[in-house]
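If you want the building blocks of each chain, they are given just below.
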Amino acid sequence: IQLYEVDHSDLLKLASEQPSDQRLESIRQALIRNLGRGGPGLVSVAGVSQGQSLRQHLLPLARKMALLNRDEQKRVLRDHNLGSDVPLKNLDRCVSSYAMQLKLGEQSRCIMAFDDGDFKSLGSKFRELGFLMMELGFSLARVCDKSLDGCEVEQALLQCGSAKGRLIHYHSIADNAKENLWQQWHYDYGIFTVLTSPLFLSVGVGLGDTVECESPDGHTHLQLFHPELKRVVKVKVSKGCFIIQVGEAGCLLSKGQLRATLHSVVRPTSAVNLSRETLAIFLQPSWNKILSASNLDDDDEGGSEIDAGINRIVPPLSWRLRDGMTFAEFARETTKQYYGSGGLQSS
C-alpha cells in the first residue's frame, strides 16, 4: 500500500486551527480514517523543512557505528551521550540500535563536538532530527484530539515530556531465524512511533564501500497486518517522507478510535548485500499514566482475523494489560511476554 501523505504545512494548519476550507477538512478526515479502526494505523508526512538533509547526514552513520570495533564504539557512544539497546557482545545480531533520550525544553542544549571524523556531529544531528520528529508526532496528536471524542493523546505526551530515539542499522548479513525478517512481528506499546523513510545502502567488501540505492522491491520493507484487508501488506512511501504509526497506548488513550499497527520488517530476498538505516522516535505517556481497556471492543486486537503464524508470536493485549495498570507496568509486562525468559520471541 502507498501510505496516505499529508504535507507538513497542512498538518501544522490542522493542528493550530479548525479547517477553514473543504480541502483542509478532507485532509483531516483522511488522516483520521487512515489512523482509525478501518485504516492501516499509519500515515506519512512530506515537505518537512531540513528533514531530508538531516536524514541524509545521520542515517549512514548507523552502519558506520555498527562496524566499529567494540572499544571504539563504546567511546563514540559515550562521547555523544548515546546508549545501545542491543547487546554489543552478540556479534550475530541482525539489528544494531543506538538510543538517546530526548526531553522537551532541551532542544537548544548543545552537544560537545568531538574530533571523531565521520561521527563529529553524530549527537547534535541525532538531537536535531529527533526533536523535529517529536514535533510531527505532537502536531498529529493535536489533530486527533480535536477530531475524536474523549481522545487525550496530546496531553499524555505533554505530561511525559520526553521521547526515546533509536538510530537503527539493519545488517545486510542474514540472521539464522526461520523467517526472513529483520524485525519480528510486534506492536509498539507507546502512543506514536515516528520514523524516517528508510535509507538503503548497497554494501561492498570494504568498510567505506557503500552506495545509497533504491529499495530493490520498491517498498520500505516495513510490512503490516491490515485489519480491513485481513492480510499482510508491504508499505510504500515517498522518499524523504516521515512515517507516523499508532502504538497500543495510543489505541487505549483514544478509547479504541486509533488503531495500533501490527508490523514487522522483512529482509529483501533479491539483494543479500543490502542494509537498511532509519531513525525511530518513540512517543509515550508518562510511566505513571493509568491505562484502561474498558472502552475497547473485542476486535480491537485483531483476534482470529490475524494470521495464525503471527498469533503464535504476538502476545494478545488481554494477556499484557489489566485495568488500572500504569504505563510502566504495561511496558514491563509487554517486554517480558515478548522477549523475557519464556516469552513468545525470547529465542
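First, a word on what this report is: a plain description of the structure on this page. Just so we're clear, the structure is a prediction, and the values are computed from it rather than from any experiment.

Each value, and the rule that gives it
Residues numbered from 1 in each chain as written. Predicted model: local features only at pLDDT ≥ 70, side-chain atom pairs only at ≥ 80, totals over all residues. Heavy atoms only, no water. Helix = DSSP H or I, 4+ residues; strand = E, 2+ residues; numbered from the N terminus. Buried < 20%, exposed > 50% of the residue type's maximum accessible area, 1.4 Å probe, protein only. Contact = heavy atoms within 4.5 Å. Salt bridge = Lys/Arg side-chain N within 4 Å of Asp/Glu carboxyl O. Phe/Tyr/Trp six-rings, centres within 6.5 Å; stacked < 30°, edge-to-face > 60°. Lys NZ or Arg CZ within 6 Å of the ring centre and 35° of its normal. Polar contact = N/O pair within 3.5 Å; in protein donor to acceptor, adjacent residues only side chain to side chain. Pairing = 2+ DSSP bridges. Axes fitted to C-alpha atoms, helices over the stretch in contact; angles between N-to-C directions. Left-handed = near helix turned anticlockwise from the far one by under 90°. Nonpolar A, V, L, I, M, F, W, Y, C, P; charged D, E, K, R; others polar. Arc of directions from axis to C-beta.

**Description of the overall build of the protein chain**
Across its full length, the protein chain carries 11 helices and 14 strands. For the protein chain, the proportion of its 347 residues judged to be buried stands at 54%. For the protein chain, the share of sequence-separated contacts (at least 6 apart) that also reach a separation of at least 24 residues comes to 78%.

**Things to note about the pattern of salt bridges**
Enumeration over the complete set of coordinates arrives at 10 salt bridges. Through salt bridges with shared partners, a single network forms among E72, R75 and D79.

**A few points about the packing of aromatic side chains**
Any two aromatic rings considered together are summarised by their centre-to-centre distance and by the angle between their planes. Overall, the coordinates contain four aromatic pairs when judged by the stated rule. One aromatic cluster is present, built from ring pairs that chain together Y189, W287 and F327. Positioned above the aromatic ring of F282, the side-chain terminus of R166 is 4.7 Å from the ring centre. Here the guanidinium or amino end of R276 rests over the ring plane of Y170, the centre of that ring lying 5.1 Å away.

**Description of the environment of S147**
Within the secondary structure, S147 sits in helix α6 (residues 122–147). Placed 118 residues apart in sequence, S147 and Q29 show a C-alpha to C-alpha distance of 8.5 Å. Beyond its immediate stretch of four places on either side in the chain, S147 contacts R28 and I32. At a separation of 2.8 Å, a polar atom in the side chain of S147 contacts the main-chain carbonyl oxygen of V143.

**A closer look at the pairing of strand β8 (residues 199–203)**
Most of β8 sits inside the fold, with four of its five residues counted as buried. Note that β8 and strand β14 (residues 274–283) share four bridges and pair antiparallel. When the bridges of β14 are listed, F200 appears paired with R276. Bridging between β8 and strand β9 (residues 210–213) involves four bridges; their strand directions are antiparallel. Bridged to S202 within β9 is V211.

**Structural notes on the packing of helix α3 (residues 51–58) against α6**
For the pair α3 and α6, the least separation of the axes is 10 Å and the interaxial angle reads 140°. Note on packing geometry: the crossing formed by α3 with α6 is left-handed. Of the residues in α6, those in contact with G51, L54, R55, H57 and L58 of α3 are L122, K125, F126, E128, L129 and L132. Split by residue class, the contact of α3 with α6 holds six nonpolar, two polar and three charged.

**Details of helix α5 (residues 70–79)**
Burial in α5 covers these residues: Q73, V76, L77 and D79. When α5 is viewed along its axis, its buried side chains cluster within an angular range of 165° and face the same direction. Exposed residues on α5 whose side chains face more than 90 degrees from its buried face are D71 and R78. Looking at the buried positions of α5, the neighbouring elements they touch are α4 (60–66), β3 (83–84), β4 (95–103) and α6. Put simply, N69 is the residue that caps the front of α5, since its side-chain oxygen is 3.2 Å from the backbone nitrogen of D71. Looking one or two residues past α5, N81 carries a phi angle of roughly 60°, positive in sign.

**Let's talk about the environment of Q183**
Its location among the elements puts Q183 in strand β6 (residues 181–187). For the pair Q183 and C94, spaced 89 residues apart in sequence, the C-alpha separation works out to 8.5 Å. Each residue touching Q183, except ones within four places of it in the same chain, is listed here: Y170, S264 and V265. Looking at Q183, its side chain comes within polar contact range of the side chain of Y170, at 3.4 Å.

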